[in-house]
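Listed below are the residues making up each chain.
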Amino acid sequence: MTAHQTITAPEAADTEMMSGAEIVVRSLLDQGVEVLFGYPGGAVLPIYDALFAEPRLRHILVRHEQGATHAAEGYARSTGKPGVVLVTSGPGATNAVTGIVDALMDSIPLVVITGQVATHLIGTDAFQECDTIGITRSITKHNYLVKNVDDLPRIMHEAFHIATSGRPGPVVIDIPKDVQFGKAAYQGPQAVTHAHDYRPQVKGDAGRIAEAVTLIAQSRRPILYTGGGVINAGPRASALLREFAELTGAPVTSTLMGLGAFPAADPKWLGMLGMHGSFEANHAMHDCDVMVALGARFDDRVTGRLDAFAPTSRKIHVDIDASSIGKNVRCDVGIVGDAASVLEDMIAAWKAMRLSVDKTALAEWWKQIDVWRARDCFAYTPDSKLIKPQQAVERLYHHAKDKDVYITTEVGQHQMWAAQYFRFEDPNRWMTSGGLGTMGYGLPAAVGVQIAHPDSLVIDIAGDASVQMTMQEMATAIQYDLPIKIFILNNEWMGMVRQWQQLLHGERYSHSYSESLPDFVKMAEAFGAVGLRAEHPGELDDKIAEMISVRRPVLFDCRVTKEENCFPMIPSGKAHNEMILAQEARDLGSIIDDAGKRLV
Amino acid sequence: MPDPQPASVYDLDHKAEVENLATFAVLVDNEPGVLHRLVGLFAARGYNIESLTVAETDRNAHTSRVTIVTRGTPHVLGQIEAQLEKMVSTRHVQDVTRDPNGLERELALVKVKSLGAERVEALRVADIFRARVIDTTHESFVFEITGAPNKIDKFAELMRPLGLVELSRTGVLSITRGADAL
Ligand SMILES: Cc1ncc(C[n+]2csc(CCOP(=O)(O)OP(=O)(O)O)c2C)c(N)n1
Ligand SMILES: [Mg+2]
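This write-up is about the structure you can find in this document.

Conventions used here
Residues numbered from 1 in each chain as written. Chains lettered and ligands numbered in written order. Predicted model: local features only at pLDDT ≥ 70, side-chain atom pairs only at ≥ 80, totals over all residues. Heavy atoms only, no water. Pairing = 2+ DSSP bridges. Helix = DSSP H or I, 4+ residues; strand = E, 2+ residues; numbered from the N terminus. Axes fitted to C-alpha atoms, helices over the stretch in contact; angles between N-to-C directions. Contact = heavy atoms within 4.5 Å. Near = heavy atom within 4 Å. Polar contact = N/O pair within 3.5 Å; in protein donor to acceptor, adjacent residues only side chain to side chain. Areas by Shrake-Rupley, 256 points an atom, 1.4 Å probe, with all protein chains shown as cover. Buried < 20%, exposed > 50% of the residue type's maximum accessible area, 1.4 Å probe, protein only. Phe/Tyr/Trp six-rings, centres within 6.5 Å; stacked < 30°, edge-to-face > 60°. Lys NZ or Arg CZ within 6 Å of the ring centre and 35° of its normal. Donors = N, O, S within 2.8 Å, 3.2 Å for Na, K, Ca; no water. Salt bridge = Lys/Arg side-chain N within 4 Å of Asp/Glu carboxyl O.

This paragraph deals with the sheet that holds strand S7 (residues 170–176) of chain A. Residue and element names in this part refer to chain A. Strand order in this open sheet of six strands is S3-S2-S4-S5-S7-S6, and the pairing throughout is parallel. Two strands in the sheet have a free side with no partner beyond their single neighbour: strand S3 (58–61) and strand S6 (142–145). This sheet shows a mean twist of 20° between the axes of neighbouring strands, independent of strand direction. Note that strand S5 (residues 110–116) and S7 share seven bridges and pair parallel. By the bridge assignment for S7, Gly115 is matched with Ile175. The sheet contacts of helix H2 (residues 45–52) involve strand S2 (35–38), S3, strand S4 (83–87), S5 and S7, and relative to S4 the element is tilted by about 125°. Contacts from helix H6 (residues 152–164) reach S4, S5, S6 and S7 within the one sheet, and its direction differs from that of S7 by about 165°.

Residue and element names in this part refer to chain A. Ligand 1 sits among 17 residues. The nearest are Gln413, His414, Gly437, Ser466 and Gly495. Residue Asn491 places a side-chain N or O atom 3.0 Å away from an oxygen atom belonging to ligand 1. For ligand 1, the accessible surface in isolation is 590 Å², of which the surrounding protein chains cover 77%. Secondary structure elements with two or more residues in the shell around ligand 1: helix H16 (413–421) and helix H19 (495–504). Here the shell around ligand 1 takes three residues from H19, the largest share from any one element.

Moving on: unusual backbone geometry. Residues and elements named next belong to chain A. Between Phe567 and the following residue, Pro568, the backbone shows a cis peptide bond with an omega angle of -5°. Tracing the sequence through the fold places Pro568 in the loop between strand S20 (554–559) and helix H22 (588–591). Unlike most non-glycine residues, Glu507 shows phi in positive territory, near 60°. Structurally, Glu507 is set in the loop between H19 and helix H20 (520–527). What makes Glu507 exposed here is its relative accessible area of 51%.

All right, on to the packing of aromatic side chains then. The relative placement of two aromatic rings is captured by the distance of their centres and the angle of their planes. According to the stated counting rule, one finds 18 aromatic pairs over all chains in the structure shown. With a centroid separation of 5.4 Å and 40° between ring planes, the pair formed by Phe141 of chain B and Phe143 of chain B is classed as tilted. Judged by its relative accessible area of 6%, Phe141 of chain B falls in the buried class. According to the relative accessible area criterion, Phe143 of chain B is buried, its value standing at 0%. Directly above the aromatic system of Tyr397 of chain A lies the positively charged group of Lys401 of chain A, at a separation of 5.9 Å from the ring centroid.

All names here are of chain A. Within the protein, Asp464 (OD), Asn491 (OD1) and Trp493 (O) serve as the donor atoms for the magnesium ion (ligand 2), at 2.0 to 2.2 Å. The sequence pattern formed by the donor residues of the magnesium ion (ligand 2) is D-x26-N-x1-W. Separated by 29 residues along the polypeptide, Asp464 in the loop between strand S17 (457–463) and helix H18 (473–479) and Trp493 in the loop between strand S18 (485–490) and H19 bring together distant segments of the chain. Judged by its relative accessible area of 1%, Asp464 falls in the buried class.

A few words now on the pattern of salt bridges. Residues and elements named next belong to chain A. Applying the stated criterion across every chain, the model contains 40 salt bridges over all chains. The salt bridge involving Arg199 is made with Asp197; its shortest N-O contact spans 3.0 Å. Here Arg199 falls in the partly exposed class, since its relative accessible area comes to 42%. What makes Asp197 buried here is its relative accessible area of 4%. Here the salt bridges share partners, and the residues they tie into one network are Glu492, Asp519, Arg533, Asp557, Arg559 and Lys562.

Right, let's get into the sheet that holds strand S11 (residues 269–272) of chain A. Residues and elements named next belong to chain A. Strand order in this open sheet of six strands is S11-S10-S9-S12-S13-S14, and the pairing throughout is parallel. The outermost strands of the open sheet, each flanked by one partner alone, are S11 and strand S14 (333–336). Pairs of neighbouring strands in the sheet enclose a mean axial angle of 15°, with direction left out of account. Bridge analysis of strand S13 (residues 314–319) against S14 gives four bridges, and the strand direction is parallel. Directly across from His317, in S14, lies its bridge partner Gly334. Running at roughly 135° to S14, helix H8 (residues 206–218) makes contact with strand S12 (290–294), S13 and S14 of the sheet. On top of the sheet, helix H10 (residues 235–248) reaches strand S9 (222–226), strand S10 (252–254) and S12; it is set at about 170° to S9, its chief contact.

Right, dumping it as structure tokens:
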């Protein structure tokens, strides 16, 4: 819900005349931007020219525009600030498309500036012309074609406002070359009059909040189910979540995107839920009587079979995006608002209403949860000769956990193992492509994270197939001296595809073998990075320690068992309590019915 | 009683539920691409558009009013409203159908070709519906009629056996009774 009125701006103080290109640069500075990720070309040359003379803006030259968008996402997700991208028209813009969709799906604030051919050439199929705003209209939160340089200051500032407020997302600003050359009076963020009065609802409805906390107090088997929205609401939301969990004594689980909002070390943490989530999290979701969804959107990877999703529960759904409430799952109490603001009000209401939980019931609930926990769902059998992928992540975690560490991932089995075996205590430490599931996300995202946190340990937990999608960004890491660690769980397969083919397609491994893999160690060296390889469990610890200690980019080729599957798993079309553990996984093909096989 | 959840999100097509027509009045910022964005939203999410009208209504405020008639289950209509609200260019959304003060009107131009008794009857029916004759030849009339959409449906239905050869409709416009404005 958005309240709209016309804003009247204060007296325009600043009326300096500038070129469009200068306006772009000045607006970025006034928005507090320090870094942008980009790639030049004919249609953005005036902006690049303006950047040339601007030492306060750091431009990171990527090797592919997709890399720029993912790097900006990594930067945004690890700092809470918007990521900024600058690319040229035509192929520059189309190459950026994947990252823009990725940011939309995972609610990452990006401002993407694209060059465009001169206004009089638009529509003539000019060289490197493409309909950028047409192409990006459905993949952005909002987009603009700037036809008049006078509108540029307003659009620049408005874009940042839209990208960062409400449910965050990408905004594209398409700027024709003549507009970059044109002159106009600059206006700062406070002076511009927004054309859109975009003011999303932040504060939740007090009546519903009271209703929600009453429900929670009456519950016998509560659960907090949190998502990326808690991370997006800032560190305060994570702190409030901890406080609320403490008050209610409720167990906490989260989506893939929400990892880190609640500390893994807390006894109330159940681990991630969903298709490859923990046994205890999924069973607790299934059996709960009151579910509090905070900044999570009941994605199909989370709910499993919908008609058996938490069948005995009353559902409270808190989300900044009204369209997420009741979209996939009907809820009893829907609260539109920012996770931090609503949590704060819930805590206040809980205290003001002097609510308390039924301690006996809660103790019973925890007893049941401990029974599920005792199943030890992430157990695996180590091998004396070969490295198990789970073991690799476990050892990596062991070496990294006391460091100031940030993790990114690619997409596949390694991503799930990273989510299962790496443990996060704080928000903004975990960067992964959840909604779109973009292979090739992790390496450039690591570049963006490392730019923001030059002295931290930044690791991309990668797959052998995914890493080849954006491998060229290693050169970016070298150029800017970014000591990112690319830790490849090399199983010589598109492992997640192979797993599905094994379980659902009669072991017909159609085109999923990673044929002709490059020698990653030599490849690292060719880039000027460090290449390391571990083949035996015995050398794993030393090699990981070496990787962490070198202050240079590292490509780590961790050879793992090739045919390992990712468990536990909720087979497609099944309910949370029909989760399958590794030990029971022999004949999964017969467990998933035909209807299940049709699902993604 | 709420409808049971289907087995999977992939089955969330709500086929079993009854579909209703709904008219939404949407006040949007009048800027290039806004209509594309709105129509694209319907196309991308598989919503129906039964009729669509749009025109600038306030030049100074740069706002256009879109009236969109769509069809869906209560759940889908709720989603449509939420998705319309979510567009950055949207200033206000009103579900005219569910508003007891909602008024809907449409204008139609109807060409009827007939002779003799049918021609006389067409004129008589037009008179009952308060349709105006805006063009005539010895063998045809063009009528202009305004009214609620179902009145126009009814008029067209009666004209069909009397020689209706062409029908042009504006699509639905809406406003609410009383002093309050959108
Ligand atoms: C860009 C893109 N193309 C295709 C896919 C489909 N896909 C999902 S996982 C996967 C295999 C990933 O292989 P790898 O990176 O080696 O990871 P593993 O599963 O082996 O750990 C593929 C092809 C995808 N997610 N993204
Ligand atoms: Mg692999």
